Amino acid sequence: MRAAPVGNRRGTRRPRSSSRRHAGLGTRAVRACAAFIHGIVFSFGLVLTFVCGAMGSHLESQGIAPPKPWAAMGVLLRFLALPFIEVPLPDLTEAGSAGVDVMLWFPGLLGGFCLIFASLGFVSMRWRQTSRALPYALLAAVLLACMAEVAQASNEFSAWGDLASFSGRSRAMSEKAVLQQQVFRSGHGSFTQQFSEQRCKAVSGVQMIKCSATTMEANFMSLMVQGFCRPRSDDLTADFEKSANTCRGHVKSLMGVVLESDPLFCRCWTAFFDHQRTLARWALVMWFGLFVGILAVLYSVCESKLKRMCATERFEVLAFAVVSMAILACRAVLLPEGGSALSKPGE
């Protein structure tokens, strides 16, 4: 009588590991955290692409062909490379540095990047293989570095709405004041030029705009003023109008002339910095949330190999990873190297 096959001889099936079927509470919590955060990133990408598509559809409905996305793609690639190499960004002190094509396509391209990143995160959690997680880890490093740059720049740039905030201080602050005034003059000049070229006029008590031209720029200005250049909520209307009136005083003192487009420009200027201050408040929160989500995905990928270690080895590896990531987080966000991209535009 032949003995039954044992061990790992041919014809013998190994018992399946129960680690996939019976994941612990901590493992399920990590996966849920990763799925939740990457779901938010995916939804954010969908919103950006939808907004870009809606604006393009609106232009097509007006008989205007949308511009090509190549300029916006170049700006996005330079923005993603900024934390790693020195690349010139559009100079905010030059009029027309960011055209309508960039403002139209940049949100859509950024949304596409978010969709790809979130999708790779879900794929990495699903298959949990190192080779599949490498592209995700690369995009995660780029995104974390860019968000740290955005957090620093937003915190600095959010105070530029008030031109009097840098007056009468040290030499370094006076240099910022000069750059700040250049940005203000450039924005005012670009808005005034487009207002005149598109044959626009203020309506509804200088809160709305109506343009006679049928160009893409005219449609974009109408959409921007109606949808963006207004208070974020009714409770903030009084503060918004006060800031807009202060801006009009700055226009008169810096430009020496009062134009019909000045009230609309100041509403857009005030709205932009209101949103900028909101971004500055939430930038670090978003960075740390994304950081936790990325660590959760990487843990899910390495979980099977970690379980092969003994308890002491697993603790040492996880402790080293946590301490290293904490140091990296503090270094990237709290102690950024050098100045932000705002300090040296166009270099």
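Residues numbered from 1 in each chain as written. Predicted model: local features only at pLDDT ≥ 70, side-chain atom pairs only at ≥ 80, totals over all residues. Heavy atoms only, no water.

1. What to know about the state of the cysteines
Part 1: As enumerated under the stated definition, the model contains three disulfides in all.
Part 2: Each disulfide pairs two cysteine sulfurs, and for C247 the partner residue is C266, the sulfurs being separated by 2.5 Å. The sign of the S-S torsion, about -75°, decides the handedness of the disulfide formed by C247 and C266: left-handed. With C247 in helix α7 (residues 237–255) and C266 in helix α8 (residues 262–307), this residue pair connects regions lying 19 residues apart in the sequence.
Part 3: Classification of C247 as buried rests on a relative accessible area of 3%.
Part 4: Look at the protein chain and number its bonded cysteines as they come in the sequence; the links are 1-2, 3-6, 4-5. (Disulfide = S-S within 2.5 Å. Helix = DSSP H or I, 4+ residues; strand = E, 2+ residues; numbered from the N terminus. Buried < 20%, exposed > 50% of the residue type's maximum accessible area, 1.4 Å probe, protein only.)

2. What to know about the pattern of salt bridges
Part 1: Under the definition given, this model contains four salt bridges.
Part 2: The residue R31 makes a salt bridge to E303 at a minimum N-O spacing of 2.9 Å. Taken together, the positions of R31 in helix α1 (residues 25–61) and E303 in helix α8 put the pair 272 residues apart, joining distant regions of the chain.
Part 3: Residue class for R31 comes out partly exposed when judged on its relative accessible area of 21%.
Part 4: Since its relative accessible area comes to 3%, E303 is described here as buried.
Part 5: Connected through salt bridges with shared partners, the residues R31, R128 and E303 form a single ionic network. (Salt bridge = Lys/Arg side-chain N within 4 Å of Asp/Glu carboxyl O.)

3. Considering the pairing of strand β1 (residues 200–203)
Part 1: Where β1 lies against strand β2 (residues 208–211), four bridges are found, and the strand directions are antiparallel. Looking at β2, one finds that V203 is bridged to M208.
Part 2: Counting the residues in the hairpin turn of β1 and β2 gives four residues, including S204, whose phi is positive at 55°. (Pairing = 2+ DSSP bridges.)

4. Observations concerning unusual backbone geometry
Part 1: Even without glycine at this site, R128 takes up a positive phi of about 50°.
Part 2: Mapped onto the fold, R128 is located in the loop between α3 (100–127) and α4 (130–157).
Part 3: The backbone of R199 sits at a positive phi, close to 55°, despite the residue not being glycine.
Part 4: With respect to the helices and strands, R199 occurs in the loop between α5 (171–197) and β1.

5. Topic: the UniProt feature "transmembrane region" (unreviewed entry) in the protein chain
Part 1: As recorded in UniProt, the sites labelled "transmembrane region" (unreviewed entry) are residues 35–57, 105–124, 136–154, 279–302 and 314–334.
Part 2: Secondary structure content for residues 105–124 is 100% helix and 0% strand, and the end C-alpha separation is 29 Å.
Part 3: Across residues 136–154 one finds 100% helix and 0% strand; the C-alpha atoms that close the span lie 26 Å apart. (UniProt positions renumbered as here; feature names shortened; annotations may be inferred.)

6. So, the packing of aromatic side chains
Part 1: Under the counting rule described, the total for this entry stands at 10 aromatic pairs.
Part 2: Each ring, one from F184 and one from W269, has its centre 4.8 Å from the other, and the planes form 80°; the classification is edge-to-face. Of this pair, F184 sits in helix α5 while W269 is found in helix α8, placing the two residues 85 residues apart along the sequence. W269 matches F184 in its accessibility class, with the two residues each being buried.
Part 3: Aromatic pair W287 and F291: ring centres 5.2 Å apart, planes at 15°, arrangement stacked. One end of the pair, W287, and the other, F291, are both in helix α8, four residues apart, so they sit about a helical turn from each other. The residues W287 and F291 share a single accessibility class, namely buried.
Part 4: Here a set of aromatic residues connected by ring pairs shows up, and it is made of F184, F191, F195, F265, W269, F272 and F273.
Part 5: Across from the ring centre of W127, 4.8 Å away, lies the NZ or CZ of R126, which sits over that ring. (Phe/Tyr/Trp six-rings, centres within 6.5 Å; stacked < 30°, edge-to-face > 60°. Lys NZ or Arg CZ within 6 Å of the ring centre and 35° of its normal.)

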